[in-house]
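Chain by chain, the residues run as shown.
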Amino acid sequence: MKRSLIFVVAMGIAMLSGCATTPAVFTDYDPGVSFGQYRTYRWAQKPEGYSPLEQQRLVAAVDAKLRERGWTQSTEAQIDIVANVATETRYSLDSFYSGPMWGGWGWGGGWGCCGGWGWGASYGSTTTRAYTYGTLVLDMFDAQSKRAIWRGIAQGTVPSNPQRQTTNMLASVDKMFATFPPGTPVAQAQ
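Please read these numbers as outputs of a predicted model, since none were measured by experiment.

### Examining the packing of helix H2 (residues 52-68) against helix H3 (residues 162-176)
- Interaxial distance between H2 and H3 falls to 10 Å at its minimum, and their mutual angle equals 25 degrees. Between H2 and H3, the angle falls in the class roughly parallel. The hand of the H2/H3 crossing is right-handed. Side by side, H2 and H3 meet where Glu54, Arg57, Leu58, Ala61, Val62 and Lys65 of the first sit next to Pro162, Gln165, Thr166, Met169, Leu170, Val173 and Asp174 of the second.
- Partitioning the contact of H2 with H3 into residue classes produces 7 nonpolar, 2 polar and 4 charged.

Next up, the structure:
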């Protein structure tokens, strides 16, 4: 009974820790660029390689953030936006050990008739779990000079649930654009 309870608790912790990840977000920009000169943009490349619904939601989220900052889409844009999404399958190995409370150490056999020293056997099992890890990269280029001026990156485990995917993607876009355009003072809580 005690072993079963320990196993169930360990499995629950492992499952929750695998589900509780939110994407890590990083931004970078060219400090020599005055972002106040830009007001128009266009999508030079929308993200491909994953759900078309998620692509639509991502584009709409970025469009909304740029509209909030006074930017508009235009065919004669000052900024080109390029988005890329990459995913890969990663694997997690979860090992669980059970046995007597005093077991799991010692040699277990090899000295004469009674075996080696030690207090008991320990049993283990390993479970392999596959999951998807994704990276979203948003780049902004000056449309005339083709010079890179801004980059936002979000990386993390991609949930299999579409609603959680959307929630994580929207949270990532919020973080990316929290201090956009660069050089804009961040409102501080009072």
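### With respect to unusual backbone geometry
- Note the cis peptide between Phe180 and Pro181, where omega equals -5 degrees.
- On the secondary structure map, Pro181 appears in the segment after H3.
- For Lys146, which is not glycine, the phi dihedral falls at a positive 65 degrees.
- With respect to the element layout, Lys146 can be found in the loop between strand E5 (123-142) and strand E6 (148-158).

### Points about the packing of aromatic side chains
- Taken as a whole and assessed by the stated rule, the structure comprises 7 aromatic pairs.
- Both rings, one in Phe35 and one in Tyr38, keep their centres 6.3 Å apart while their planes meet at 70 degrees; by these two values the pair is edge-to-face.
- Exposure remark for Phe35: the relative accessible area of 4% places this residue in the buried category.
- Site record: aromatic cluster; members linked through ring pairs are Tyr29, Phe35, Tyr38, Trp71, Trp150, Phe177 and Phe180.
- Above the face of the Tyr133 ring, Arg90 is positioned so that its terminal group lies 3.7 Å from the ring centre.

### Considerations on H3
- A rise of 1.5 Å per residue sets the reference length of H3, with its 15 residues, at 21 Å; its end C-alpha atoms lie 21 Å apart and thus fit the reference within 8%.
- Buried within H3 we find Thr166, Asn168, Met169, Ser172, Val173 and Met176. The buried residues of H3 occupy one face: seen down the axis, they fall within an arc of 165 degrees. What points out from H3, more than 90 degrees from its buried face, is the exposed set Gln163 and Thr167.
- Of the surrounding elements, those touching the buried residues of H3 are strand E1 (24-29), H2, E5 and E6.
- In this structure Asn161 caps H3, since a side-chain oxygen of it lies 2.7 Å from the backbone nitrogen of Gln163.

### A closer look at the side chain of Asp63
- Locating Asp63 in the fold gives a position in helix H2.
- Although Asp63 is buried, it makes no salt bridge; Arg67 carries the closest opposite charge, 5.1 Å away.
- Among the polar contacts listed, one links the side chain of Asp63 to the side chain of Tyr41, at a separation of 2.8 Å.

### A closer look at the sheet that holds strand E3 (residues 72-73)
- Strand order in the open sheet made by the 6 strands is E1-E6-E5-E4-E2-E3, with mixed pairing throughout. If you trace the sheet from one side to the other, it starts and ends with E1 and E3, each paired once.
- Two strands pair when backbone bridges link them, and E1 and E6 are joined in this way by 6 bridges, in the antiparallel orientation. Considered in E6, the bridge of Thr27 is made with Gly152.
- The sheet strands contacting H2 are strand E2 (40-45), E3, strand E4 (79-98) and E5, and the helix crosses E2 at an angle near 160 degrees.
- Each of E1, E5 and E6 touches H3; the most contacted strand, E6, lies at about 150 degrees to it.

The rules we used
Residues numbered from 1 in each chain as written. Predicted model: local features only at pLDDT ≥ 70, side-chain atom pairs only at ≥ 80, totals over all residues. Heavy atoms only, no water. Axes fitted to C-alpha atoms, helices over the stretch in contact; angles between N-to-C directions. Helix = DSSP H or I, 4+ residues; strand = E, 2+ residues; numbered from the N terminus. Parallel < 35°, antiparallel > 145°, perpendicular 65-115°, else oblique. Left-handed = near helix turned anticlockwise from the far one by under 90°. Contact = heavy atoms within 4.5 Å. Nonpolar A, V, L, I, M, F, W, Y, C, P; charged D, E, K, R; others polar. Phe/Tyr/Trp six-rings, centres within 6.5 Å; stacked < 30°, edge-to-face > 60°. Buried < 20%, exposed > 50% of the residue type's maximum accessible area, 1.4 Å probe, protein only. Lys NZ or Arg CZ within 6 Å of the ring centre and 35° of its normal. Expected span 1.5 Å × (residues − 1). Arc of directions from axis to C-beta. Polar contact = N/O pair within 3.5 Å; in protein donor to acceptor, adjacent residues only side chain to side chain. Lys, Arg positive; Asp, Glu negative; His and termini not counted. Salt bridge = Lys/Arg side-chain N within 4 Å of Asp/Glu carboxyl O. Pairing = 2+ DSSP bridges.

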